[in-house]
Amino acid sequence: MAVMAASLLITSGFLYEYYSKSQENQLKEELDFAAEMVEKEGVEFLESLNFSLCRFTLVSPDGSVLYDSMADLDEMDNHTDREEIAEALKTGRGSSKRYSATLTQRTVYEAVRLENGGVLRASVNQATVGTLILNLFPAITGIVLVSVALALFLSHKMSKSIVKPFNEIDLENPEKNETYDELAPMLEKISTQHRQISVQMLELKRRTDEFEKITGSMNEGLVLLDKNGNVLSMNTAAEKLFCVDDTIKGCSFLSVDRSVNVTRAVEKALQGKRSNLTETRNGREYRFIVSCNEYEGTTAGAVILCIDVTETAFAERNRREFTANVSHELKTPLQSIIGSAELLENGLVEPEDTNRFIGNIKNEAVRLVNMIEEIIRLSRLDEGSCPPAGRVNLYAVAADTVESLKVLAEKKRVRIFLDGERDCFITGVKSYLQEIIYNLCDNAIRYNKEGGEVKVALKKDKEKIVLSVSDTGIGIPAEHRNRIFERFYRVDKSHSRETGGTGLGLSIVKHAVAYHGGTLTLDSEENKGTVITVCFHNAPEIQKQ
Amino acid sequence: MIMRSRFDEQLSLLNKKMIEMGAECENVINLSVNALLRGDAGQAKMVEAQGQTIDRLEREIESICLKLLLQQQPVAKDLRIISAALKMITDMERIGDQAEDIADIISHLDGRTGGESRDIPLMAHAAAKMVTDSIDAYVKHDVQLAKALYDYDDVIDNAFRRVKSALISMIAENTADGEYALELLMIAKYFERIGDHAVNIAEWVEFSVTGVHKGD
């Protein structure tokens, strides 16, 4: 706007200058011509001029007006004091410019001295620059408005047509566009980058899929945290462990698990220190390994690995108990042997008691050997070495075993008998099957009451052979039922000497049954008796443990 | 946008500190419960140190909340969260104090446990569960869990009534146990108060999520 106004002013200024100069020149020429004619024809020439652009005034040498083409002579005073006339009288030519009182008009005067000493003056009225502009203003405004509107319209149209190809560029498929040639290199570049990005995205997706598949199928919980302790990712196992779903991503790990120990471990890990702790969650024991995740020397976050150690911890406890039991069980007979031997050595035993003491030593030694033999048998079963398997008639094995136990049964006044089908063939290892029946019957007799009975029964159908050993003995209290198959486990620890046995019998049974792929069930009622049922499948697979 | 992201940062810091304080509360009450049931004065001593952590966290959270209110002038949900946090920390701090008081009494019990009255262990476990649940409700914005706590408070209140009558008959039977009975009464009262504070927290959780406070 300012530029427009300034240019308007300057242009009109120049125009006015040029216009007024040319008018002045014209005025001079006209004056010269008129002066010549007045010299020739006198004042009549002026009077005969009835049409002229300018006003002529003829002034006598004394200053009085002789003729004026526009004003009344009577009203005109002496003109010698006028600038241009004074100048013309003096130098022969004069000129001046005067503004009217309102400044809206300027009058240009030109005067020339005639030969008779008078002066002829021509004058013309000019509009001033201001008036010019003022007069021009409506027209200029109109033109400006029209041109602005036109410019707006045209530029809008033009820019639209220029931009249209840009807008129509399909950036998804840059190479397929037909547009300005100048854009071609850029589009080509974009298309290459497109291809690169999609390849990288594919690769990235493949890797995340891979990562998720690996972590998803992990049994261990895995949690990745960023350096502010917010969850980046969490596998399925961890989600289950902490009872959250994947909306937790991006939240602080505190909202997943706020246990003070874990929080501290995470803080430590974010400072670069690894820690290891055991915590109980949902009734199971977990080991949390919290370590720092470093990237190019700076801490990028933390990794939490949660391992379910319930079974391991349980096995660990069992193993410790077993070791303690073994040493205890092995030590007891030895202590008794040493005791008896010391008494004998020091001659503290009366001669008639010597045999009893030696008998004691022998009995304890036999017990020890038996126990060691059983441990060896058990460890063989543990190892899973497979002795030759064959078709075995379970009835025949049971009959032999029952026969061999009759002596013991009579001693305890227990009746033992066998009942069932006579041809129960299974594929198995005869010595192991013998162990099973022997140990079950042995227990049934030992833990029986006087005058009780032990029944060994064999049943057969298409799919399986069921061996059951039932007694009318003391039964097993409910709280011990789960544990009697553990090694060295005794329901009543103080009775072990009285009833004999090593505490390994049922453990051997359990392993031997498992070896034959059978199942073992226990049914017992305190003071009424116990039924142990072994179920063999008809086509048993010998299992390697 | 920069203002907003700074605001979010401060809000998440507040959230983090709140959970931390909640976890400390859970920890302190579990410690006192264990100490009480085992008559373990040594464990009771540890409670005091935890109580100081809770006080420190309370002041920290307070200053975060005030800073947020003054500098960010939050509205609507943000304002609810912050004002609820200000209320909740008071309750949490009270829970911590009462757990400390219980621990203090335990050291005067001369190795006797709280297990001699059947309902005291029940109250102890119920109070610990309520604190855990109220913090859980806060962490998960779980209004259902918060509402469940209003009813669960009755379990503690009923147990408190039973404890009172059991203690009266205890004193009647054997006046020598009078002091012990009074100590147990104090402990029971503290557990009852802890239950109430947990309910308060649950109410503020509901307020911060839904904008409706149960007291209204």
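Residues numbered from 1 in each chain as written. Chains lettered and ligands numbered in written order. Predicted model: local features only at pLDDT ≥ 70, side-chain atom pairs only at ≥ 80, totals over all residues.

Moving on, we come to the overall build of chain A. A count of helices and strands for chain A gives 13 helices and 17 strands. For chain A, with 545 residues in total, the buried portion stands at 23%. Sequence separation of 24 or more characterises 55% of the internal contacts of chain A that already satisfy a separation of 6 or more. (Helix = DSSP H or I, 4+ residues; strand = E, 2+ residues; numbered from the N terminus. Buried ≥ 20, exposed ≤ 12 C-beta atoms within 10 Å, placed from the backbone. Contact = placed C-beta atoms within 7 Å.)

This paragraph deals with the overall build of chain B. The helix and strand inventory of chain B stands at six helices and zero strands. Along its sequence from the N terminus, chain B presents helices and strands in the succession α-α-α-α-α-α.

Remember that side chains alternate between the two faces of the sheet whenever the strand is regular. Residue and element names in this part refer to chain A. With six bridges connecting them, strand β6 (residues 221-226) and strand β10 (residues 298-308) associate as antiparallel partners. What sits directly across from Gly221, in β10, is Cys306. Note: strand β9 (residues 284-295) against β10, ten bridges, orientation antiparallel. Among the inter-strand pairings, Tyr286 is bridged to a residue of β10, identified as Asp308. Joining the antiparallel neighbours β9 and β10 is a turn of two residues, in which Glu296 adopts a positive phi near 50 degrees. (Pairing = 2+ DSSP bridges.)

Moving on, we come to the environment of A:Arg367. Among the secondary structure elements, A:Arg367 is positioned in helix α9 (residues 354-383). A sequence separation of 37 residues divides A:Arg367 from A:Leu330, and the C-alpha atoms of the two residues are 9.4 Å apart.

Glancing now at the nonpolar core. Within soluble globular proteins, side chains that are nonpolar tend to cluster in buried spots. Ranked by size, the top nonpolar core spans 85 residues in total, and within it B:Ile29, B:Met123, B:Ala127 and B:Val131 carry the most contacts. For this core, the element with the highest residue contribution is helix α6 (residues 178-210) of chain B, accounting for 14 residues. With 38 residues, the next largest nonpolar core counts A:Val414, A:Val454, A:Leu458 and A:Leu467 among its residues. (Core = buried A, V, L, I, M, F, W, Y, C linked by C-beta atoms within 7 Å.)

Let us now look at the interface of chain B and chain A. Interfaces are often described in size by the accessible area the parts lose on coming together. Residue-level contacts link ten residues of chain B with seven residues of chain A. Per-element accounting of the side of chain B that touches chain A gives the leading share, nine residues, to helix α1 (residues 2-38) of chain B. Split by residue class, the side of chain B that touches chain A holds three nonpolar, four polar and three charged. (Nonpolar A, V, L, I, M, F, W, Y, C, P; charged D, E, K, R; others polar.)

Under the 1.5 Å per step criterion, the end-to-end length of helix α5 (residues 184-216) of chain A is 46 Å for 33 residues, consistent within 8% with the ideal 48 Å. The element α5(A) is largely exposed, with a buried count of zero among its 33 residues. (Expected span 1.5 Å × (residues − 1).)

Residues and elements named next belong to chain A. Direction vectors running N to C along helix α11 (residues 430-446) and helix α13 (residues 505-515) enclose 145 degrees, while the axes themselves pass 9 Å from each other. Here the hand of the crossing between α11 and α13 comes out left-handed. Residue-level inspection shows Tyr432, Glu435, Ile436, Asn439, Leu440, Asp442 and Asn443 of α11 in contact with α13, the latter providing Gly505, Leu506, Ile508, Val509, Ala512, Val513 and Tyr515. Considering only residue class, the contact of α11 with α13 consists of nine nonpolar, three polar and two charged. (Axes fitted to C-alpha atoms, helices over the stretch in contact; angles between N-to-C directions. Left-handed = near helix turned anticlockwise from the far one by under 90°.)

Strand pairing in a sheet relies on backbone hydrogen bonds, with the paired strands running either antiparallel or parallel. All names here are of chain A. Judged by pairing direction, the sheet is mixed, and its five strands sit side by side in the order β12-β14-β15-β17-β16 without closing on themselves. Sheet topology places β12 (415-420) and β16 (519-525) at the edges, where each strand pairs with a single neighbour. Strand after strand, the sheet turns through a mean of 10 degrees between neighbouring axes, direction not considered. Pairing of strand β14 (residues 453-460) with strand β15 (residues 464-471), which is carried by seven bridges, proceeds in the antiparallel orientation. The residue of β15 that forms the bridge with Ala457 is Ser468.

Moving on, we get to helix α4 (residues 119-140) of chain B. Taking 1.5 Å as the rise per residue, α4(B) with 22 residues should run 32 Å; its terminal C-alpha atoms sit 31 Å apart, in good agreement. Just downstream of α4(B) lies B:His141, where phi reads positive at about 50 degrees.

Quick look at the packing of helix α5 (residues 143-173) of chain B against α6(B) now. Two elements in contact, α5(B) and α6(B), have axes separated by 9 Å at closest approach and are oriented at 170 degrees. By the angle between their axes, α5(B) is roughly antiparallel relative to α6(B). (Parallel < 35°, antiparallel > 145°, perpendicular 65-115°, else oblique.)

Further remarks concern the confidence of the model for chain B. Taken as a whole, chain B shows an average pLDDT of 85; of its residues, 96% reach a score of 70 or greater. Scored as a whole, the predicted complex attains pTM 0.55, and scored at its interfaces, ipTM 0.75. (pLDDT = per-residue confidence, 0-100.)

Here we come to the environment of A:Phe536. Secondary-structure assignment places A:Phe536 in strand β17 (residues 529-537). You can call A:Phe536 buried: it has 23 C-beta atoms within 10 Å.

Turning our attention to the confidence of the model for chain A. Detailed reading of the predicted coordinates is not advisable wherever pLDDT falls low. Residues and elements named next belong to chain A. Per-residue confidence for chain A gives a mean pLDDT of 82; residues scoring 70 or more make up 95%. At the level of individual helices and strands, chain A shows its lowest average pLDDT in helix α12 (residues 496-499), which scores 57, and its highest in α5, which scores 90. The low-confidence segment residues 540-545 (pLDDT under 50) makes 19 contacts with residues lying over four places distant or belonging to another chain.

Turning next to the sheet that holds β6(A). Residue and element names in this part refer to chain A. Strand order in the open sheet formed by five strands is β7-β6-β10-β9-β8, and the pairing between neighbours is antiparallel. In this open sheet, the two strands that pair with only one neighbour each are β7 (231-234) and β8 (275-281). Pairwise comparison of adjacent strand axes, ignoring direction, gives a mean angle of 25 degrees for this sheet.

Once that is clear, we can look at unusual backbone geometry. Even without a glycine there, the phi angle at A:Arg413 is positive, about 55 degrees. Among the secondary structure elements, A:Arg413 is positioned in the loop between α10 (394-411) and β12. In this structure, B:Ala76 takes a positive phi of about 50 degrees despite not being glycine.

Bringing the environment of A:Leu27 into the picture now. Residue and element names in this part refer to chain A. Position of Leu27 among the secondary structure elements: in helix α1 (residues 2-41). Between the alpha carbons of Leu27 and Glu110 there is a distance of 7.3 Å; along the sequence they are 83 residues apart. Discounting residues that sit within four places of it in the chain, Leu27 has contacts with Cys54, Val108, Glu110, Ala122 and Val124.

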